[in-house]
Amino acid sequence: DREILMITKSDAESSDSFLAQGGICVLKNDEDYSSFFEDTMKAGHYENNRESVDIMIRSSRDVIRDLINYGVDFTKKDGKLCYTKEGAHSTNRILYHEDITGEEITSKLLARVRERENITLLEYTSMEDLLVENNTCEGIVAKDQKNHIFPIQASCTLLACGGIGGLYDHSTNFPHLTGDGLAVCLKHQVELLHPDYIQIHPTTFYSV
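So, here is what we can say about the structure in this document. (Residues numbered from 1 in each chain as written. Predicted model: local features only at pLDDT ≥ 70, side-chain atom pairs only at ≥ 80, totals over all residues. Heavy atoms only, no water.)

Things to note about the sheet that holds strand β9 (residues 149-153)
Strand pairing in a sheet takes place through backbone hydrogen bonds and is either antiparallel or parallel in direction.
Phase 1: One open sheet holds the three strands; their spatial order is β7-β8-β9, and the pairing between them is antiparallel. This sheet does not close on itself; its edge strands, each paired only once, are β7 (126-133) and β9. Pairs of neighbouring strands in the sheet enclose a mean axial angle of 30°, with direction left out of account. (Pairing = 2+ DSSP bridges. Helix = DSSP H or I, 4+ residues; strand = E, 2+ residues; numbered from the N terminus. Axes fitted to C-alpha atoms, helices over the stretch in contact; angles between N-to-C directions.)

Observations concerning the pattern of salt bridges
Phase 1: Following the criterion strictly, the structure yields eleven salt bridges and no others.
Phase 2: A salt bridge links Asp129 to Lys187, with the shortest nitrogen-to-oxygen separation between them at 2.5 Å. Remark: Lys187 occurs in helix α5 (residues 180-187) and Asp129 occurs in strand β7; sequence separation between them is 58 residues.
Phase 3: Lys187 sits in the exposed class, given a relative accessible area of 51%.
Phase 4: Within this structure, Glu13, Arg114 and Glu123 form a network of salt bridges that share partners. (Salt bridge = Lys/Arg side-chain N within 4 Å of Asp/Glu carboxyl O. Buried < 20%, exposed > 50% of the residue type's maximum accessible area, 1.4 Å probe, protein only.)

Regarding helix α4 (residues 101-115)
Phase 1: In a regular helix each residue adds 1.5 Å, so 15 residues correspond to 21 Å; α4 covers 22 Å between its end C-alpha atoms and thus fits that length.
Phase 2: Burial in α4 covers these residues: Thr101, Gly102, Glu104, Ile105, Thr106, Leu110 and Val113.
Phase 3: Looking at the buried positions of α4, the neighbouring elements they touch are β1 (4-7), α1 (16-19), β2 (24-25), α3 (50-69), β5 (94-95) and β6 (119-122). (Expected span 1.5 Å × (residues − 1). Contact = heavy atoms within 4.5 Å.)

Regarding the environment of Lys76
Phase 1: Tracing the chain through its elements places Lys76 in strand β3 (residues 76-77).
Phase 2: Sequence-wise, Lys76 and His97 are 21 residues apart; in three dimensions their C-alpha atoms are separated by 9.0 Å.
Phase 3: Residues within four places of Lys76 in sequence aside, it is in contact with Leu81 and Cys82.

Description of unusual backbone geometry
Phase 1: Located in the positive-phi region is Glu98, a residue other than glycine, with phi close to 50°.
Phase 2: Among the secondary structure elements, Glu98 is positioned in the loop between β5 and α4.
Phase 3: Exposure remark for Glu98: the relative accessible area of 57% places this residue in the exposed category.
Phase 4: Non-glycine residue Gln189 carries a positive phi angle of around 55°.
Phase 5: Within the secondary structure layout, Gln189 lies in the segment after α5.
Phase 6: We classify Gln189 as exposed; its relative accessible area is 68%.

Focus on the packing of aromatic side chains
Phase 1: Taken as a whole and assessed by the stated rule, the structure comprises one aromatic pair.
Phase 2: The ring of Tyr33 carries Arg58 above its face, with NZ or CZ at 4.2 Å from the centroid.
Phase 3: One Lys or Arg, Arg93, reaches over the ring of Phe36 and ends 4.5 Å from the middle of that ring. (Phe/Tyr/Trp six-rings, centres within 6.5 Å; stacked < 30°, edge-to-face > 60°. Lys NZ or Arg CZ within 6 Å of the ring centre and 35° of its normal.)

Some points on the state of the cysteines
By definition, a disulfide links the sulfur atoms of two cysteines through a covalent bond.
Phase 1: Taken as a whole, this structure holds zero disulfides when the rule is applied.
Phase 2: Cys156 takes part in no disulfide bond, and the closest cysteine sulfur, belonging to Cys137, lies 8.6 Å away.
Phase 3: Look at Cys156 and you get exposed, because its relative accessible area is 58%.
Phase 4: Free of any disulfide, Cys185 has its nearest neighbouring cysteine sulfur in Cys161, separated by 7.5 Å. (Disulfide = S-S within 2.5 Å.)

Observations concerning α5
At 3.6 residues per turn, the α-helix brings residues three or four places apart onto the same side.
Phase 1: Residues Gly181, Val184 and Cys185 constitute the buried set of α5. Considered in projection along α5, the buried side chains sweep an arc of 100° and stay on one side of the axis. Counted as exposed and oriented over 90 degrees from the buried face of α5: Leu186 and Lys187.
Phase 2: For α5, the elements touching its buried residues are β7.
Phase 3: A positive phi of about 55° marks Gln189, the residue just after α5. (Arc of directions from axis to C-beta.)

See below:
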């Protein structure tokens, strides 16, 4: 019941989510909760927000159910979902699709978005700033591929801008992921949680 406009700085497929290989963790059953919670807290050196971890775990089966309904094809055997194990997990609770789980999930979600008549997707469009009036966000200032700057007014603005890996000389992230959303938030005194925490994903080789 809403008109939605989505923008992205590059083409829609050029997101780090497309590059994710391994899988997605899910609560297999109620008995798995305590182990899942402890594994997650331990992996975060117990600095995790416990409420967020609880929500993530308890909602995981609903999220997986939604993804399957959107057409995501997780690996199955004899009609049952297959679970594998990844780092920090003490048991098999990872759903996957071959070695391209991120591409499988993101491509199917993107296909559903493109089917919706109430959703418009603008590629090669960047957010330059927020439109703010009386300390209230009224939308954004955008720039298209031809460097035309124009306003986009909205009753609700959601920033989902990815990370900052593109700021580094050497990174497995796409170079256009430069933390624009964080910079805009800092400019407008929007409170950020742990902007100093940067995940380094050590699964590549560097040679001279």
